[in-house]
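Letter by letter, the chains look like this.
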Number of protein chains: 4
Amino acid sequence: MNSFGYRFKFTSFGESHGKAIGCVLDGVPAGIKIDENFIQEQMNKRKPGKNKYATSRKEDDNIEILSGTFEGFSTGTPISIIIYNTNQKSRDYTNVKDLFRPGHADFTYFHKYGIRDYKGGGRSSARETATRVAAGAIAQLMLKEIGISIQSGIYEINGIKAKELDFDYSLNSEIFALDKNIEEEQKQAILGAKVKHNSVGGVALINVKNCPVGLGEPIYFKLDAQIANAMMSINAVKAIEIGDGIKSSSLNAYENNDQINSKGFKSNSSGGILGGISNADDINIKVYFKATPSIFIKQDTVDIYNNEVNCELKGRHDPCVAIRGSVVAHAMMALVLADMILLNMSSKIENIKKIYK
Amino acid sequence: MNSFGYRFKFTSFGESHGKAIGCVLDGVPAGIKIDENFIQEQMNKRKPGKNKYATSRKEDDNIEILSGTFEGFSTGTPISIIIYNTNQKSRDYTNVKDLFRPGHADFTYFHKYGIRDYKGGGRSSARETATRVAAGAIAQLMLKEIGISIQSGIYEINGIKAKELDFDYSLNSEIFALDKNIEEEQKQAILGAKVKHNSVGGVALINVKNCPVGLGEPIYFKLDAQIANAMMSINAVKAIEIGDGIKSSSLNAYENNDQINSKGFKSNSSGGILGGISNADDINIKVYFKATPSIFIKQDTVDIYNNEVNCELKGRHDPCVAIRGSVVAHAMMALVLADMILLNMSSKIENIKKIYK
Amino acid sequence: MNSFGYRFKFTSFGESHGKAIGCVLDGVPAGIKIDENFIQEQMNKRKPGKNKYATSRKEDDNIEILSGTFEGFSTGTPISIIIYNTNQKSRDYTNVKDLFRPGHADFTYFHKYGIRDYKGGGRSSARETATRVAAGAIAQLMLKEIGISIQSGIYEINGIKAKELDFDYSLNSEIFALDKNIEEEQKQAILGAKVKHNSVGGVALINVKNCPVGLGEPIYFKLDAQIANAMMSINAVKAIEIGDGIKSSSLNAYENNDQINSKGFKSNSSGGILGGISNADDINIKVYFKATPSIFIKQDTVDIYNNEVNCELKGRHDPCVAIRGSVVAHAMMALVLADMILLNMSSKIENIKKIYK
Amino acid sequence: MNSFGYRFKFTSFGESHGKAIGCVLDGVPAGIKIDENFIQEQMNKRKPGKNKYATSRKEDDNIEILSGTFEGFSTGTPISIIIYNTNQKSRDYTNVKDLFRPGHADFTYFHKYGIRDYKGGGRSSARETATRVAAGAIAQLMLKEIGISIQSGIYEINGIKAKELDFDYSLNSEIFALDKNIEEEQKQAILGAKVKHNSVGGVALINVKNCPVGLGEPIYFKLDAQIANAMMSINAVKAIEIGDGIKSSSLNAYENNDQINSKGFKSNSSGGILGGISNADDINIKVYFKATPSIFIKQDTVDIYNNEVNCELKGRHDPCVAIRGSVVAHAMMALVLADMILLNMSSKIENIKKIYK
């Protein structure tokens with residue numbers, strides 16, 4: 001259950017304070033140029049410690065490819081990537097060792113597995129998402145070969161919404177802000193929470209351009225359902241919306257339907273997906289992140305013996321996990337699309353004849 | 001890709017205007033009393049033609065179990081269920097045969113598969129969801145054996161929200177309304193759209209009580225991610241929210257975290273799921289449905305040759321698909337939980353010893 | 001666990017004495033002409049009651065396609081097939097109801113599931129294999145579109161081996177004999193056992209011509225491994241051999257290696273598979289069937305309370321299950337190849353560009 | 001397709017001449033003591049370079065566990081293991097770079113993936129099987145917790161068969177010989193081939209004791225079918241036999257059926273499996289290995305341009321791959337059984353109640 005994808009399949013391993021994290025990609029077609037610089041660039045977008053809007057924990061997140069390539073190209077065999085944990089300094093965990101941090105997975109992991117891996121969240125830590133970014137980068141290398149591109153950025157922070165969307169701007173924003181006019185206000189919300197030892201939630205927006213029509217495998221591997229699965233699997237994500245999904249539920253059909261003319265769809269409230277299949281219009285997805293639950297304010301909780309205790313955390317945290325989370329959502333979108341590209345190849349017998357005759 | 005679930009697995013087949021639809025359930029443990037009346041009751045909640053808030057298409061949706069039971073109990077072998085389509089009257093499809101209905105899957109199915117099955121939506125029709133309800137009923141029979149119960153109802157119609165939630169009331173409401181004080185207003189919204197040949201969107205709410213702690217398989221088969229997958233696979237669903245997910249994204253962590261005392265969680269903004277695993281609190285999920293795209297108002301579209309044409313549908317439709325959709329969402333929740341119950345059994349070696357020693 | 005295949009996936013259901021058996025095929029590409037006559041012909045090859053070399057139980061095994069086709073062509077949606085059991089006459093099971101027939105699955109099913117479905121073997125009956133033949137026929141329709149053909153026949157009965165192989169001859173032999181000079185001797189072995197209320201084992205041979213190079217997905221979905229899986233899943237099969245596999249284990253490499261020249265392989269001890277991937281030479285597989293365990297000779301056994309009792313069966317049986325089993329093995333080979341054809345499509349990025357550019 | 005198992009799932013990666021090979025185990029229950037010494041002992045049984053009956057290539061095959069354990073116990077999260085390749089000395093591959101070695105996967109990999117990874121076989125090398133042994137050792141640690149044990153040894157070399165089976169003796173034999181009286185003859189066959197630059201085939205025998213009744217998931221995940229799949233996926237394996245499978249095909253049912261009395265089965269021609277489910281008797285499996293195809297005798301072949309050339313290999317090889325292969329087969333048996341143990345847990349509703357009530 002630590003694998004994602006059906007044909008372009010990604011398996012991750014590793015805990016936040018173990019020796020290393022890593023992943024194995026299975027199903028990557030042979031012959032793709034594996035540009036390690038591009039992968040590292042994606043890693044750097046997510047890596048912690050870059051600026052005051054992210055946790056100050058430092059991790060270089062240098063990737064090492066152990067298998068699956070030959071002379072710089074994918075070979076069709078599993079590509080494995082390892083990322084050593086360089087910042088596992090031996091902290092004093094005495095004050096959190098036996099207690100459940102509110103909003104965290106401590107409680108549920110303990111009860112499920114009978115083990116309290118108290119070091120920094122273990123497997124439930126967002127550290128695992130670094131491997132998704134590495135895998136997603138390889139997926140993007142494949143998608144580029146057929147012209148599909150993905151963009152992402154921050155739409156909303158602590159209730160403050162973007163009004164205009166500029167994906168090029170977001171690339172250079174410290175918080176990946178999509179609206180430069182709103183960016184400063186969003187930054188202040190983050191820093192305002194941080195100074196109070198608190199954190200804030202936010203919303204990321206993912207956009208796909210040049211997606212071919214036909215991606216998505218009905219009925220139980222629909223494109224939107226698999227995107228929802230992918231996004232909801234990211235730490236702190238609590239809601240997911242395709243196109244104008246939430247607004248759509250309050251509209252009538254005449255307002256909401258995307259009418260069509262010979263040039264294509266006249267509007268895009270569907271977010272590029274109809275009946276679970278891409279319609280070649282832009283795919284637009286909103287991903288809703290709660291605030292990082294690790295805060296340095298006193299909270300009520302219990303320990304593993306169900307004694308009521310105060311939770312008083314110390315250390316480092318992300319004041320707004322949506323920012324680095326948006327990079328993970330971007331990667332997950334790439335992984336979903338790469339998988340769907342492979343799956344859709346056999347939709348028609350004429351495609352099969354193209355390969356075998 | 002027409003199967004759902006990993007261990008409690010459900011495969012569906014059938015088109016809206018074919019001979020029959022049906023499903024196969026694989027992985028149902030032996031020894032469960034298969035109460036056919038209960039299954040039929042669930043079918044009746046979803047079946048069309050019951051009142052003026054649903055399509056007037058009549059289908060009895062009588063289930064027939066073909067295999068997998070012996071003397072009334074499950075045997076551990078695949079349970080197959082068939083539902084004959086009784087209302088496939090030979091209509092005149094001339095006016096829609098070659099065109100793509102806005103908001104429908106016609107466009108995407110045609111481009112993916114190269115075939116235009118113009119009869120009532122074919123596989124993309126919500127008719128398929130009848131099989132989910134049958135399968136979900138069997139999942140509920142298993143969940144009942146260990147005390148888990150699911151409730152559901154309509155939270156919002158066309159922007160009109162419930163203020164109080166009464167799942168018992170919804171059972172007897174024609175529109176499964178959760179708030180009896182709002183019900184009439186919601187009904188009027190539906191009928192108001194219907195009279196204008198239009199339809200409206202809505203939001204269903206699903207609640208689970210008595211769920212054991214520990215359900216959900218991190219990292220890529222989390223409980224919330226699999227719920228999102230399940231719900232988004234339902235026709236017309238465009239967004240999904242766990243607990244207070246959307247609001248959570250605008251809050252800070254101190255507001256949003258569910259603190260804990262020795263009796264359990266002091267609040268439930270998480271919707272009963274932490275780190276992708278159930279925490280034994282109530283699970284709460286909102287499912288956002290767009291309005292049924294089939295409306296009888298003239299719309300712009302193209303035909304399969306990309307000629308611009310008017311789309312002028314005739315016939316029957318659901319003025320608010322969220323209502324019957326809520327029954328499907330209820331069933332999908334049962335299917336997810338049944339699967340997670342089986343998967344979680346092997347989380348610890350002590351569980352394995354309970355079975356084999 | 002009642003599904004077979006990864007992309008061309010087949011799910012079966014049904015018990016020998018229930019209402020019906022059937023299957024669902026998922027992943028069949030759209031646009032294949034679904035020739036129902038061909039499917040029925042394959043069914044007829046396997047159906048019981050045809051001659052004195054098979055059980056006298058009569059079943060017409062008429063297939064009915066319920067979904068997945070439109071105007072005679074596959075649509076890309078699940079193809080479901082149902083076969084009603086017409087010969088479930090109410091027998092008197094008193095003498096076998098509680099006992100375990102030697103060599104049968106009664107003992108293991110009872111202990112696994114806690115239920116004794118005593119009517120004719122239930123799910124463990126070879127009746128289930130009828131659905132495999134239907135599914136395999138559809139797989140063959142796909143394989144034919146790209147020129148792959150499969151042949152099969154009986155190589156050995158009760159130790160009596162074919163010396164020459166004539167797949168055309170076997171088509172018209174009552175026992176699918178590959179060697180017309182040996183056929184009579186093989187027939188006599190069967191009838192000799194039958195008259196003593198006994199049965200005999202045998203070996204089927206499956207041959208594939210015109211298989212493209214490249215089928216098989218290393219390391220854990222190799223072509224030969226998946227063939228072994230497929231064949232061993234057939235009732236009464238106890239061994240499986242690829243090419244000259246058994247002899248190969250007693251040879252040295254110089255004797256066993258297939259050397260190569262510019263026209264191809266100079267010999268074919270490998271059976272057309274190297275490293276788990278087809279090499280474009282003929283695929284040859286031997287499938288070893290034990291004798292039908294249902295015999296009408298007194299045997300020692302126990303009942304479900306572990307009391308020692310005599311097993312004295314009455315009724316009808318197959319005096320040599322390998323004969324009808326060879327038709328099932330033929331079908332399973334088709335299912336494996338169809339799956340591998342789809343899976344191999346994405347082996348190289350250039351294939352992906354052929355579909356999307 | 002580089003994963004094996006459904007619930008106890010193992011994914012491997014790595015090429016023979018890359019930086020490292022490794023694996024990820026997913027689904028290992030929490031709370032198992034992970035005895036690294038035991039794992040290393042298993043590795044040492046398979047590792048090359050130990051004596052004159054194996055290749056002289058030296059690899060220490062030291063395992064390093066990167067994740068999935070906490071304070072010496074499994075945590076329920078993925079266990080990843082890495083094994084660095086220490087002996088990848090830069091050889092001169094000029095004479096083999098472009099040609100296909102007879103009996104090897106060079107030909108099929110090249111045509112499937114379009115790439116000639118000429119360094120020592122790449123992914124198709126038996127080097128990959130080291131990871132299976134590591135994973136199988138962890139499976140064995142789980143099986144031991146419920147008392148299941150596996151034994152293995154060499155039954156036949158170059159046609160020379162064991163007459164008596166002594167699994168304890170085989171533990172200390174350089175060739176894992178089961179019959180000490182035949183061992184010397186088998187050794188001479190190996191050395192006789194080796195001196196002629198040739199190699200020989202052989203047969204391994206795997207035995208399981210104390211297997212609970214009920215393992216195996218019919219119809220398409222039967223215990224014997226999955227064993228066949230597992231064994232056939234091992235390099236050089238060309239046939240697989242359950243119990244007395246090959247002999248069974250030449251017998252009649254009265255000879256072959258295992259009759260039953262109150263103490264159990266009176267014989268075991270079935271090899272401990274009936275209807276694809278374990279019957280609690282010993283499981284016995286024979287695995288047929290061809291001779292290592294790498295030999296140092298001149299052979300005919302072609303290069304990647306289809307020019308006819310001589311293949312004249314130099315270097316090191318295993319004169320009988322069955323010996324080290326038997327360790328791999330042992331490991332694969334453990335992986336199959338561990339998976340089946342988890343899968344069988346949900347066969348009956350009473351089992352589910354044992355966990356949840």
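Residues numbered from 1 in each chain as written. Chains lettered and ligands numbered in written order. Predicted model: local features only at pLDDT ≥ 70, side-chain atom pairs only at ≥ 80, totals over all residues. Heavy atoms only, no water.

Draft legend 1. The arrangement of the sheet that holds strand β1 (residues 3–4) of chain C in detail. All names here are of chain C. Read from one edge to the other, the open sheet built from five strands follows the order β1-β2-β3-β7-β4, with strand pairing classed as antiparallel. Taken across any chain shown, the strands that pair with only one partner, and hence form the sheet edges, are β1 and β4 (64–67). Looking at chain direction, β4 and strand β7 (residues 79–84) are connected through three bridges and run antiparallel. Within β7, the position partnered with Ser-67 by the bridge is Ser-80. (Pairing = 2+ DSSP bridges. Helix = DSSP H or I, 4+ residues; strand = E, 2+ residues; numbered from the N terminus.)

Draft legend 2. Fine view of the relation of the copies chain A and chain B. Expressed as a screw operation, the relation of chain A to chain B combines 0.0 Å of axial shift with a rotation of 180°, fitting to an RMSD of 0.0 Å. Given the turn and translation reported, the copies of this chain are related as if by a two-fold rotation axis. By C-alpha distance to the rotation axis, the residue of chain A lying nearest is Asn-229 of chain A, at 2.4 Å. Taken together, the interface assignments show that 100% of the residues at the interface of chain A recur at the interface of chain B, consistent with an identical surface on both copies. (Least-squares fit on C-alpha atoms with pLDDT ≥ 70 in both. Contact = heavy atoms within 4.5 Å.)

Draft legend 3. Representation of the packing of aromatic side chains. Inspection of the entire model under this criterion finds 34 aromatic pairs over all chains. Ring geometry for Phe-100 of chain A and Phe-107 of chain A: centres 5.3 Å apart, planes at 80°, overall edge-to-face. A relative accessible area of 2% means that Phe-100 of chain A is categorised as buried. Judged by relative accessible area, Phe-107 of chain A falls into the buried class, the value being 14%. Here the aromatic residues Tyr-6 and Phe-221 of chain A together with Tyr-6 and Phe-221 of chain C are joined through ring pairs into a cluster of three or more. A cation over a ring is seen here: Lys-33 of chain C above Phe-73 of chain C, with NZ or CZ 5.4 Å from the ring centre. (Phe/Tyr/Trp six-rings, centres within 6.5 Å; stacked < 30°, edge-to-face > 60°. Buried < 20%, exposed > 50% of the residue type's maximum accessible area, 1.4 Å probe, protein only. Lys NZ or Arg CZ within 6 Å of the ring centre and 35° of its normal.)

Draft legend 4. Inspection of the pattern of salt bridges at higher detail. Inspection of every chain in the model, using the stated rule, returns 60 salt bridges over all chains. Two residues, Glu-145 of chain C and Lys-353 of chain A, come together in a salt bridge whose shortest N-O distance is 2.8 Å. Taken together, the positions of Glu-145 of chain C in helix α3 (residues 129–145) and Lys-353 of chain A in helix α10 (residues 349–356) put the pair across two chains. Given the relative accessible area of 30%, Lys-353 of chain A is considered partly exposed. Between Asp-61 of chain D and Arg-127 of chain D there is a salt bridge, with its nearest N and O atoms 2.8 Å apart. Here Arg-127 of chain D lies in the loop between α2 (106–113) and α3 (129–145) and Asp-61 of chain D lies in the loop between α1 (36–46) and β4 (64–67), a separation of 66 residues in the sequence. Across the pair, exposure class does not vary: Asp-61 of chain D and Arg-127 of chain D are buried alike. What emerges from the salt-bridge pattern is a single network uniting Arg-46, Glu-59, Asp-61 and Arg-127 of chain A. (Salt bridge = Lys/Arg side-chain N within 4 Å of Asp/Glu carboxyl O.)

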